[in-house]
Amino acid sequence: MKKIILSLLISVFTSWSAFAATDTIPWDKAPNKINDLGALQHGAKLFVNYCLNCHAASYMRFNRLTDIGLTEQQIKDNLLFTTDKVGETMKVSMDPKQAKDWFGGNPPDLTVIARSRSGHGGTGADYLYTYLRTYYRDESKATGWNNLAFPNVAMPHVLWELQGERKPLYDTVQSHGHEVHAFKGWQQVTPGKLSPAEYDEAVADLVNYMQWMSEPSQNTRVIIGVWVLMFLLVFMFIAWRLNAAFWKEIR
Amino acid sequence: MADFKEISPNAPLAEKALNWVDNRFPLSKLYKEHLSEYYAPKNFNFLYFFGVLSMLVLVIQILTGIFLTMHYKPDAALAFASVEYIMRDVPWGWLIRYMHSTGASAFFVVVYMHMFRGLIYGSYRKPRELVWLFGCAIFLALMGEAFMGYLLPWGQMSYWGAQVIVNLFSAIPFIGPDLALLIRGDYVVGDATLNRFFAFHVIAVPLVLLGLVVAHIIALHEVGSNNPDGIEIKAHKDANGKPLDGIPFHPYYTVHDIMGVMGFLLVFTAIIFFAPEFGGYFLEYNNFIPADPLKTPLHIAPVWYFTPYYSMLRAITNEMMYALIVCVIAAAYLGATRAAISSILKAAIIGGALLLMGLMLAIDAKFWGVVVMGGSVIILFFLPWLDHCEVKSIRFKPTWHTYLYAVFVINFFVLGYLGIKPPSQINERISQVGTLFYFGFFLLMPWWSRLGETKPVPDRVNFVAH
């Protein structure tokens with residue numbers, strides 16, 4: 001199942017990038033901050049500033065951000081760039097035709113991207129957390145960037161100012177009689193605005209926001225679920241005793 | 001027709017009202033026949049919860065479906081967005097949607113358990129053949145309902161799953177391509193397909209389903225329920241003509257079923273509230289990507305409840321056709337040499353086998369895969385006439401029968417598992433063996449079910465007071 005999903009994801013992903021995917025790295029576990037309103041708000045800010053220029057989130061309404069503790073005024077003052085109505089969805093102003101010229105295809109809608117990318121080795125959040133932290137310089141690519149989790153990706157490293165430029169380091173190891181390159185770690189080439197730890201933190205916030213945005217009712221869902229189960233347990237006890245009361249006369 | 005019944009004008013209002021209705025509609029009669037005086041065996045075990053649970057899930061699906069229909073847009077350009085609209089903007093829409101999506105999988109879980117119960121306790125045996133036939137028809141309708149409903153969210157898996165399955169019909173010789181075109185209403189799955197699947201999913205199939213459920217229950221209440229011992233409780237009646245081992249359905253089984261319903265709801269709601277995707281099995285991850293006719297996913301797997309049949313479809317390769325031809329030759333040889341039938345029938349068997357072999361060589365294996373997949377469900381209809389065992393219930397069948405049933409169940413799970421895996425050489429071999437076992441189990445049943453020594457069947461049901 002996981003293999004099917006992975007290959008599906010890769011095919012879907014790469015079908016609009018010009019090249020076929022080769023191999024990817026294992027996904028890192030994204031920190032879970034789905035109940036941390038501060039982190040979600042920071043993630044929302046990063047999302048609106050860095051992602052929403054090219055990607056839409058066209059099923060997500062700006063005023064739904066009140067669920068993560070923002071007021072409508074705060075949303076209007078800080079997060080509305082493409083519209084002036086807080087009840088609007090997160091559309092994008094980029095022309096699809098231009099997008100096709102620039103990137104070889106339209107950047108996918110990100111509303112439910114975190115849900116769709118679950119599968120191989122983790123959740124969609126894990127995937128996004130890994131993907132946004134594994135960009136490296138590759139002059140052979142049109143954008144000048146490549147990615148370890150998503151080889152030959154069409155999107156350039158939008159967060160490069162924050163992360164700085166990095167280079168993957170490889171070990172040459174023997175495998176089945178062949179010499180292969182095994183990913184070993186990173187070398188920082190130019191410093192970013194954020195330290196590596198701060199960058200990981202920021203990406204974690206962004207990814208948690210995207211995870212939340214993919215299903216804004218998920219926290220409510222879990223809370224209600226606890227009450228529903230407690231009610232059912234009590235009712236089950238009553239049903240069990242009721243049943244026993246009736247059945248004791250059956251011999 | 002009942003006589004018009006007069007009651008005292010001083011009777012309580014409720015009694016008078018009931019009398020008024022009863023003189024015009026068999027309300028009390030229906031209540032008695034189906035609830036308060038429907039005698040069910042007292043030795044039901046937990047497997048007997050799954051009938052009422054199937055009804056419960058049917059009601060859940062219909063009620064949630066009505067509310068989903070209010071907000072869903074059966075339009076290729078709007079469908080995906082309208083589902084997200086339900087998930088986000090419709091008050092409690094996410095709950096309704098998760099109830100419906102989890103309900104689809106739950107339906108198959110409870111129906112499979114219900115069918116398994118019938119299989120092991122011989123609930124399809126005389127005089128319950130029609131109960132079983134109606135049940136099989138319900139299962140068939142349910143498969144159609146689930147398949148067409150799965151297209152509606154218009155995600156990648158919806159789209160390509162429908163594309164693959166509808167394309168199967170085009171493997172039928174002569175009429176295939178036109179039939180596939182008729183089903184799709186277009187040359188590829190598209191807006192026309194979505195609209196007609198929506199119509200079938202929300203009205204045509206549910207109507208058939210409801211009618212069949214009513215027939216299933218009327219037939220059941222006519223002959224009475226079987227039980228884990230496979231004994232007819234009507235064989236021993238008291239002075240009033242009530243079965244000695246029977247108890248009124250209401251109140252005994254109504255309170256009993258409430259307990260079962262609670263147990264089911266605990267699991268059902270736990271999934272809805274804590275794991276609605278159920279690890280990608282109930283809601284597949286790439287179905288959160290809108291359908292795109294230009295991007296074919298590398299591997300397309302059906303939802304879990306269809307995978308055993310999908311495995312059998314994939315098992316039929318050109319190579320496998322030779323194995324099937326050998327089976328046909330063996331069957332014809334046995335029929336012509338061993339069976340005690342007239343020589344004309346024997347000649348017909350040989351002629352039929354030769355014709356079948358000719359067709360098997362002439363027509364593409366893909367078509368026979370479709371035949372096998374369809375046959376794997378259709379064969380269930382014949383079960384009442386395949387089982388020739390002296391006893392009904394597995395409890396009194398020879399012990400090795402139990403092992404055979406166990407292998408059948410394991411085989412079904414293995415086929416299901418292989419159906420979600422990408423094809424590979426070894427998986428193909430296993431699913432081919434599994435397919436032969438699945439069909440062998442049923443087709444050879446008239447022979448093996450007679451073999452072995454059955455255990456003595458008691459006169460009265462086994463029952464330990466609670």
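Before going into details, it helps to say that this report is about the structure given with it. (Residues numbered from 1 in each chain as written. Chains lettered and ligands numbered in written order. Predicted model: local features only at pLDDT ≥ 70, side-chain atom pairs only at ≥ 80, totals over all residues. Heavy atoms only, no water.)

### Some thoughts on the pattern of salt bridges
As a working rule, side chains carrying opposite charge can pair if their charged atoms are close by.
Residues and elements named next belong to chain A.
Moving on, step 1. Going through the model one piece at a time under the given rule, you end up with 24 salt bridges over all chains.
Moving on, step 2. Lys33 serves as the salt-bridge partner of Glu201, at 3.0 Å between the closest nitrogen and oxygen. Here the residue Glu201 occupies a position in helix H8 (residues 196-214), and Lys33 occupies one in the loop between helix H1 (2-15) and helix H2 (37-51), the gap between them amounting to 168 residues.
Moving on, step 3. Given a relative accessible area of 12%, Lys33 falls into the buried group.
Moving on, step 4. When the shortest N-O distance is used, the salt bridge between Asp205 and Lys33 registers 2.6 Å. Taken as a pair, Asp205 in helix H8 and Lys33 in the loop between H1 and H2 lie far apart in primary sequence, 172 residues in all.
Moving on, step 5. Looking at Asp205, the relative accessible area reads 6%, which means it is buried. (Salt bridge = Lys/Arg side-chain N within 4 Å of Asp/Glu carboxyl O. Helix = DSSP H or I, 4+ residues; strand = E, 2+ residues; numbered from the N terminus. Buried < 20%, exposed > 50% of the residue type's maximum accessible area, 1.4 Å probe, protein only.)

### Considerations on the interface of chain B and chain A
Moving on, step 1. Counting residues at the interface gives 53 residues for chain B, matched by 47 residues for chain A.
Moving on, step 2. Across the chain B/chain A interface, buried area totals approximately 4500 Å², and carbon plus sulfur atoms make up 72% of it.
Moving on, step 3. Three residues, Arg88, Phe273 and Tyr285 of chain B, lead the burial of chain B against chain A; their summed loss comes to 16% of the area buried on that side.
Moving on, step 4. Linking chain B to chain A there are two salt bridges.
Moving on, step 5. Arg115 of chain A is the salt-bridge partner of Glu277 of chain B, the closest N and O atoms lying 2.7 Å from each other.
Moving on, step 6. Taken together, chain B and chain A are joined by 12 residue pairs in polar contact (both at pLDDT 80 or more).
Moving on, step 7. With 16 residues, helix H10 (residues 249-274) of chain B is the largest single contributor of residues to the side of chain B that touches chain A.
Moving on, step 8. Grouping the amino acids of the side of chain B that touches chain A by side-chain chemistry returns 36 nonpolar, nine polar and eight charged. (Contact = heavy atoms within 4.5 Å. Buried area = accessible area lost by both parts, 1.4 Å probe. Polar contact = N/O pair within 3.5 Å; in protein donor to acceptor, adjacent residues only side chain to side chain. Nonpolar A, V, L, I, M, F, W, Y, C, P; charged D, E, K, R; others polar.)

### A word on a nonpolar patch on the surface
Residue and element names in this part refer to chain B.
Moving on, step 1. On the surface, Val59, Ile62, Leu63, Ile66, Phe67, Met70 and Leu210 cluster together into a nonpolar patch covering about 620 Å² of accessible area.
Moving on, step 2. The element contributing the most residues to the nonpolar patch is helix H3 (residues 49-71), with six residues.
Moving on, step 3. Mapped onto the secondary structure, Met70 falls in helix H3.
Moving on, step 4. When its relative accessible area of 52% is taken as the criterion, Met70 is described as exposed. (Patch = residues over 30% accessible without salt bridge, like charges linked within 9 Å, V, L, I, M, F, W, Y side chains within 5 Å. Areas by Shrake-Rupley, 256 points an atom, 1.4 Å probe, with all protein chains shown as cover.)

### With respect to unusual backbone geometry
Moving on, step 1. Here the bond from Lys126 of chain B into Pro127 of chain B is cis, since omega is 5°, no more than 30 degrees from zero.
Moving on, step 2. Its place among the elements puts Pro127 of chain B in the loop between helix H5 (93-121) and helix H6 (129-151).
Moving on, step 3. Between His250 of chain B and Pro251 of chain B the backbone carries a cis peptide bond, its omega angle lying at 15°.
Moving on, step 4. Along the polypeptide, Pro251 of chain B turns up in helix H10.
Moving on, step 5. Phi is positive for Asn152 of chain A, close to 60°, though the residue is something other than glycine.
Moving on, step 6. Summarising the element assignment, Asn152 of chain A is placed in the loop between strand S4 (145-147) and helix H7 (160-163).

### Points about the packing of helix H4 (residues 79-88) of chain B against H5 of chain B
Two numbers describe a pair of packed helices, the interaxial angle and the distance between the axes.
All names here are of chain B.
Moving on, step 1. The N-to-C vectors of H4 and H5 enclose an angle of 115°; their axes lie 5 Å apart at closest approach. Contact residues: H4 offers Val83, Ile86 and Met87, while H5 offers Gly93, Trp94, Arg97 and Tyr98.
Moving on, step 2. Counted by class, the contact of H4 with H5 contains five nonpolar, one polar and one charged residues. (Axes fitted to C-alpha atoms, helices over the stretch in contact; angles between N-to-C directions.)

### A look at the environment of Pro276 of chain B
Moving on, step 1. Along the chain, the position of Pro276 of chain B falls in the loop between H10 and helix H11 (307-315).
Moving on, step 2. The spatial distance from the C-alpha of Pro276 of chain B to the C-alpha of Gly176 of chain B is 38 Å, given a sequence separation of 100 residues.
Moving on, step 3. Those residues in contact with Pro276 of chain B, other than ones at most four positions away along the chain, are Arg221 of chain A together with Tyr98, Thr102, Ile271, Phe282 and Leu283 of chain B.

### So, the nonpolar core
Looking at soluble globular proteins, one finds that nonpolar side chains tend to be buried together.
Moving on, step 1. Counting residues in hydrophobic clusters, the biggest one holds 129 residues, and the most contacted among them are Phe108, Phe139, Tyr309, Tyr405, Tyr438 and Phe442 of chain B.
Moving on, step 2. When residues of this core are assigned to their parent elements, the largest contribution, 13 residues, is made by H5 of chain B. (Core = buried A, V, L, I, M, F, W, Y, C linked by side-chain atoms within 4.5 Å.)

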